[in-house]
Amino acid sequence: MSSLSVMSLITKLAAIIAGIFTQPTVYPTSVMPQDTIVDFIVVGAGSAGSVVAGRLSEVPEWEVLVLEAGGQPPSFTKIPFLHFASEFPNISYVNKYPTIAPKYSSQFGVLTDPRYTTGKMVGGSGAINQMIHNRGNPQDYDNWAQLGNPGWDWETVLKYFKKTEDYRSPMKPRDAPFRGIGGPMSVQKLGWMPPVGRLAIQAGMEVGLPEIDYNTDTKIGSSILQLATRNGERVSSADAFLKPNMQRKNLKLLVNSQVIKILLNKNNDAIGVKYVHENKVKRVFARREVIISAGGADTPKLLMLSGIGPREQLRKHGIDTRVDLPGVGQNYQDHVGLRGISWTIHPNISSSIFERISPSAMLRYQNSRDGPLSVPLGICASYLLNVHNPDEPTVPDIQVFLICALDGQDYGLFSLNGYQESVREYYRPTLGRDGFFMLPMLSRPKSVGTVTLKSRNPFDPPVLDPNCLSHPDDVELMVKAAKASLKLGNAKIFRRALGAEPFKKPIPGCAHLEFQSDDYWRCFVRGMAGAMSHISGTCKMAPDSDPMGVVTPRLIVRGVRNLRVVDASIMPQIVSGKRNKKGESGILLANIEELFPQRARNKTGVLREMVDEGLFPRKDWQDFISSIEERILLEHHHRLVVLLEEGAGVDVVYRYLDFAKALDKVNHWVLFRKLKLLGVGGGISLPSEYKLSQLETRNREKRE
């Protein structure tokens, strides 16, 4: 049976599993008449666009329309284990964009144009990726601010990272100030892991890497990976920010609608977009703004199709230049990962890929939503370290992922498909064997690529050139990363408990070099390393002094009014860490408050109206009101904990909860859960419902 036939069978199996255990998330959609007028148009219902649309719709008088090129997400996207189904051939819910033939990396690959996969559905790539939640390093954001982008420093964005988050795993007291509870995005540590994953922290400690929470300020150490999941199911940004708000009358979603052009008037004001829906070209107009959240590849493509970009690039394709912005499509940054550093372990002590979809695993998932199907295939833990400067205490330059599976463990059906025949033969001894491998990743590569147009046809894919390892420093750093990975995998605990043995056979293409010498590793890196599909920076944010900047620190496109870009393409430098789009959502949320100040004023206006109407007596609440106005858009639950620690009574707790509920920002029981987790609040118990009318009655009785 051919590998294509096997993949076809597994595709059908994945669909059956998904159909048994989950129901597809169905987002209410609309069909808009020609020339509809709304306040905001959001292009893309992916990781960033979902956040933008959901937050803007909190202002009832703002009409928000989201245009998504793809359709509804298939049911398999809810089951973490089945994330790999996005790599199946001939599927409609992803884009597989070809890239330029790599000159410096992936030399042992069989494809001359490796594919860059993005999600084409509500939820975007956040509905198909591995769900790893990683904010990056504090220095990443401080660097952004130092480059001339105020409001993007770590101290500022941390508040909003916390606001988006509902962290559901135990935490150490020192880590609590960096985590959020009660936000829309559920985050938790991996639950189920095979035996090698359960030893990951001990292995790291052997080499001097203590256990850490990598989403705090501590960045050198070992950590079990954190995922955006809840109750064994994926939580995409669309699940967290879009779906819960679709009942709002001012929020509309239109699927299977590809935007092909941004409409500009003679003054270069963005006034709407042109899109294709059901084979018909339509227009929609915006009273306030058009917001592009199409991702690192499609956002620069759309700008250029609309006449916004490098003049020479536009002229080449016969597109009239409306705004000459040479930075559009430049500054393409991506992480670089290295495969192939592997160990085999004793048989029958772990679980094969086929056992992870066995009837017992399925039954376990059905009954308790845990087990192998509740986590992505392979990923377990990560190690953050600085191999260039080992004495650096807080800023890693690489991240090494412990992958709890072995290339070849699936008998080469998927894991070896992209390699040349000589490499597949090299892996033959591992076929069907259990084991693991270390995947080192450069946190801040220096190599930079480009996104350009293939043609003026909006349905042609963009031309992607990651240009991986073009900078020699990246190669040298990856050589050091490979050696560090080898040291981690050779930890005594892996050998003692699992019988781990490194795969010592020289890889074809490098066998003429001394095994594991620096020259051998350079050859190995050139052959086996490649881009990790974390495309960023292609419409970078910069001050006016930077000629290659595309958007301002407020994300407004230069030279165009009423047009913003809000997605990973605005990053001036890629964040260090395997970038799941959930972390990206938290960053972009930070500026939603500041980019649209009227929205924030509306919330504090509600507070003032409630005070003026006597719902909260001025005598009791004057000091509290003045202190909370600055924080009301940040973290209600943290303020409540402070109140309780300061000795506030039950009445104050009830008043605060009613106040928070009136702003539609907090659920009573979410707050109550945090109090119990942190051991605060004494014997306070909350009623199942507590209305403002009850509070008013009690206050009136006290006054009388």
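Residues numbered from 1 in each chain as written. Predicted model: local features only at pLDDT ≥ 70, side-chain atom pairs only at ≥ 80, totals over all residues. Heavy atoms only, no water.

Under an unreviewed UniProt entry, the name given to the chain is Glucose dehydrogenase [FAD, quinone]-like, and the organism recorded is Hyalella azteca. The annotation that UniProt attaches to the chain under Sequence similarities (unreviewed entry) is "Belongs to the GMC oxidoreductase family." Its UniProt record, at the heading Cofactor (unreviewed entry), says of the chain: "FAD". (UniProt positions renumbered as here; feature names shortened; annotations may be inferred.)

**Some words on the overall build of the chain**
Counting secondary structure elements, the chain contains 21 helices and 26 strands. By the burial criterion, 61% of the 704 residues in the chain qualify as buried. Of all intrachain contacts in the chain linking residues separated by at least 6 positions in sequence, the fraction that spans at least 24 positions is 72%. Element-wise, carbon and sulfur atoms account for 52% of the exposed surface of the chain, whose accessible area totals about 27,500 Å². (Helix = DSSP H or I, 4+ residues; strand = E, 2+ residues; numbered from the N terminus. Buried < 20%, exposed > 50% of the residue type's maximum accessible area, 1.4 Å probe, protein only. Contact = heavy atoms within 4.5 Å. Areas by Shrake-Rupley, 256 points an atom, 1.4 Å probe, with all protein chains shown as cover.)

**Some points on the pattern of salt bridges**
Any two side chains of opposite charge can pair if their charged atoms end up close together. Following the criterion strictly, the structure yields 28 salt bridges and no others. Between Glu63 and Arg287 there is a salt bridge; the shortest N-O distance is 3.0 Å. Of the two residues, Glu63 is situated in the loop between helix H2 (49-56) and strand S2 (64-67) and Arg287 in strand S14 (residues 280-292); the sequence distance between them amounts to 224 residues. With a closest N to O distance of 3.8 Å, Glu211 and Lys189 form a salt bridge. Placement of the pair is Glu211 in the loop between helix H6 (200-206) and strand S7 (221-224) and Lys189 in strand S6 (residues 185-189), with a sequence separation of 22 residues. We classify Lys189 as partly exposed; its relative accessible area is 27%. (Salt bridge = Lys/Arg side-chain N within 4 Å of Asp/Glu carboxyl O.)

**Focus: the sheet that holds strand S8 (residues 226-227)**
Strand order in the open sheet formed by three strands is S5-S6-S8, and the pairing between neighbours is mixed. At either margin of the open sheet sits one strand with a lone partner, and together these are strand S5 (165-167) and S8. Of the pairings in the sheet, the one linking S5 to S6 comprises three bridges and is parallel in character. Note that in S6 the partner of Glu165 across the bridge is Met185. Relative to S5, helix H4 (residues 154-164) is tilted by about 65°, and along the sheet it contacts S5 and S6. (Pairing = 2+ DSSP bridges. Axes fitted to C-alpha atoms, helices over the stretch in contact; angles between N-to-C directions.)

**Here's the deal with the environment of Gly296**
Among the structural elements, Gly296 can be located in helix H8 (residues 295-305). Sequence-wise, Gly296 and Ile570 are 274 residues apart; in three dimensions their C-alpha atoms are separated by 8.3 Å.

**Remarks on the side chain of Arg135**
Within the secondary structure layout, Arg135 lies in the loop between strand S4 (115-119) and helix H3 (138-146). The class for Arg135 is buried, based on a relative accessible area of 1%. At a separation of 3.1 Å, a polar atom in the side chain of Arg135 contacts the side chain of Glu165. Polar contacts involving the side chain of Arg135 include one to the main-chain carbonyl oxygen of Asn215, which spans 2.7 Å. Residues contacting Arg135, with those up to four places away along its chain left out, are Tyr141, Trp154, Leu158, Phe161, Lys162, Glu165, Phe178, Arg179, Asn215 and Val575. (Polar contact = N/O pair within 3.5 Å; in protein donor to acceptor, adjacent residues only side chain to side chain.)

**A few points about the nonpolar core**
Ranked by size, the top nonpolar core spans 75 residues in total, and within it Leu338, Tyr383, Ile398, Leu402, Phe436, Met438 and Phe494 carry the most contacts. Element by element, the count of residues in this core is highest for helix H12 (residues 472-489), at nine residues. Setting aside anything within four residues of it in sequence, one finds Leu338 in contact with Met438, Leu439, Pro440, Met478, Ala482, Phe524, Val525, Met528 and Ala529. Met32, Ile41, Val42 and Ala53 belong to the second largest nonpolar core, which has 69 residues in total. (Core = buried A, V, L, I, M, F, W, Y, C linked by side-chain atoms within 4.5 Å.)

**Some remarks on the packing of H12 against helix H14 (residues 518-528)**
Interaxial distance between H12 and H14 falls to 9 Å at its minimum, and their mutual angle equals 105°. Relative to H14, the element H12 is oriented roughly perpendicular. Facing H12, whose interface residues are Val475, Glu476, Met478, Val479, Ala482, Lys483 and Leu486, H14 presents Asp518, Trp521, Arg522, Val525 and Arg526. The residue inventory of the contact of H12 with H14, partitioned by class, reads seven nonpolar, no polar and five charged. (Parallel < 35°, antiparallel > 145°, perpendicular 65-115°, else oblique. Nonpolar A, V, L, I, M, F, W, Y, C, P; charged D, E, K, R; others polar.)

**Describing H4**
Most of H4 is tucked away: nine of the eleven residues are buried. Trp154, Thr156, Val157, Leu158, Tyr160, Phe161, Lys162, Lys163 and Thr164 are the residues of H4 that are buried.

**Some thoughts on the pairing of strand S18 (residues 341-344)**
Burial along S18 is two-sided: Ile341 and Trp343 and Ser342 and Thr344, pointing in opposite directions, are all buried. In the sheet, S18 pairs with strand S21 (residues 435-442) via four bridges, with the strands oriented antiparallel. Bridge pairing in S21 places Ile341 opposite Met438. By the bridge criterion, two bridges tie S18 to strand S24 (residues 501-502) in an arrangement that is antiparallel. Pairing of Thr344 across the sheet is with Glu501, part of S24.

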